[in-house]
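# Secondary and tertiary structure notes
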Amino acid sequence: MSIIIYHNNLKILTQNKFTPEDGGDIKYYQNIGARLIMSGLKQNNNLQKQIKHYEDFVKLIQEQKIYKIKPEDQDNYVCCVLALWKLGIYDPDDATSPIYVSPKRKSSQRKGLLQKEERN
């Protein structure tokens, strides 16, 4: 499984595979969004204000050419997308969202075929 964040729903901005270091699942990335949301709440920013800020930043970055995006802006963009996902604004199953969670690969059939070929 991996999580993919898109720029303008066309180009992949970042793709991260779930690894044992991050718990091997989707919760690690949801927690990144949750931490950003909690940080905003601690600074007395209500959810509506945070959502508007995250959506404005996402729009700003999507209007830029992908090669002109600074690395720190790319990181902030990813965090905003993850926060909006955690808040239910973005849905990985919705084609218009800039986030996609790929399903697990079923490589067992392929491995079985390769093992059969090796034995022959």
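Further up the page is the structure itself.
Quick notes on the rules
- Residues numbered from 1 in each chain as written.
- Predicted model: local features only at pLDDT ≥ 70, side-chain atom pairs only at ≥ 80, totals over all residues.
- Heavy atoms only, no water.
- Helix = DSSP H or I, 4+ residues; strand = E, 2+ residues; numbered from the N terminus.
- Buried < 20%, exposed > 50% of the residue type's maximum accessible area, 1.4 Å probe, protein only.
- Contact = heavy atoms within 4.5 Å.
- Areas by Shrake-Rupley, 256 points an atom, 1.4 Å probe, with all protein chains shown as cover.
- Salt bridge = Lys/Arg side-chain N within 4 Å of Asp/Glu carboxyl O.
- Pairing = 2+ DSSP bridges.
- Axes fitted to C-alpha atoms, helices over the stretch in contact; angles between N-to-C directions.
- Expected span 1.5 Å × (residues − 1).
- Polar contact = N/O pair within 3.5 Å; in protein donor to acceptor, adjacent residues only side chain to side chain.
- Phe/Tyr/Trp six-rings, centres within 6.5 Å; stacked < 30°, edge-to-face > 60°.
- Core = buried A, V, L, I, M, F, W, Y, C linked by side-chain atoms within 4.5 Å.

Attention now moves to the overall build of the chain. In terms of helices and strands, the chain carries four helices and three strands. Taking all 120 residues of the chain together, the buried fraction comes to 32%. The long-range fraction of contacts in the chain, counting pairs at least 24 apart against all pairs at least 6 apart in sequence, stands at 55%. When the accessible surface of the chain is totalled, it reaches about 8,600 Å², and 49% of it is carbon and sulfur.

Summed over all chains, the structure comprises one salt bridge. Between K52 and D56 there is a salt bridge, with the nearest N and O atoms lying 3.0 Å from each other. Here the residue K52 and the residue D56 both occupy positions in helix α2 (residues 47-62), the gap between them amounting to four residues, near one helical turn.

Strand order in the open sheet made by the three strands is β2-β1-β3, with antiparallel pairing throughout. Looking at which strands have only one partner, the edges of the open sheet turn out to be β2 (11-17) and β3 (99-102). Between one strand axis and the next, the sheet turns through 20 degrees on average, direction left out of account. Pairing of strand β1 (residues 2-7) with β3 involves four bridges; the strand directions are antiparallel.

For a regular strand, side-chain orientation follows a simple rule: the groups alternate between the two sheet faces. Counting buried positions along β1 yields five of six residues, so the element is predominantly enclosed. Bridging between β1 and β2 involves six bridges; their strand directions are antiparallel. Paired with I3 across the bridge in β2 is N16.

With that out of the way, let us pick up α2. End to end, α2 covers 22 Å across 16 residues, agreeing with the expected 22 Å (1.5 Å per residue, within 8%). N-capping of α2 is provided by N46, with a side-chain oxygen placed 3.2 Å from the backbone N of Q48.

Its location among the elements puts S2 in strand β1. Residue S2 is classed as buried on the basis of its relative accessible area of 5%. The contacts of S2, once residues within four sequence positions are left out, are Q15, N16, K17, F18, Y100, V101 and S102.

Bringing the environment of H53 into the picture now. Following the sequence through the fold, H53 ends up in helix α2. Sequence separation of H53 and C80 is 27 residues, and the distance between their C-alpha atoms is 8.8 Å.

This brings us to the packing of aromatic side chains. Counting across every chain of the model gives one aromatic pair. With a centroid separation of 5.0 Å and 90 degrees between ring planes, the pair formed by Y28 and Y29 is classed as edge-to-face. Of the residues examined, Y29 reaches a relative accessible area of 8% and is grouped as buried.

By size, the foremost hydrophobic cluster in this structure holds 24 residues, and its most contacted members are I3, Y77, L82, W85 and I99. At the level of secondary structure, the elements contributing two or more residues to this core comprise β1, α1 (27-42), α2, α3 (71-86) and β3. The leading source of residues in this core is α3, at eight residues. Setting aside its immediate chain neighbours within four residues, Y77 contacts I5, Y6, H7, L13, F57, V58, I61, Q62 and P98.

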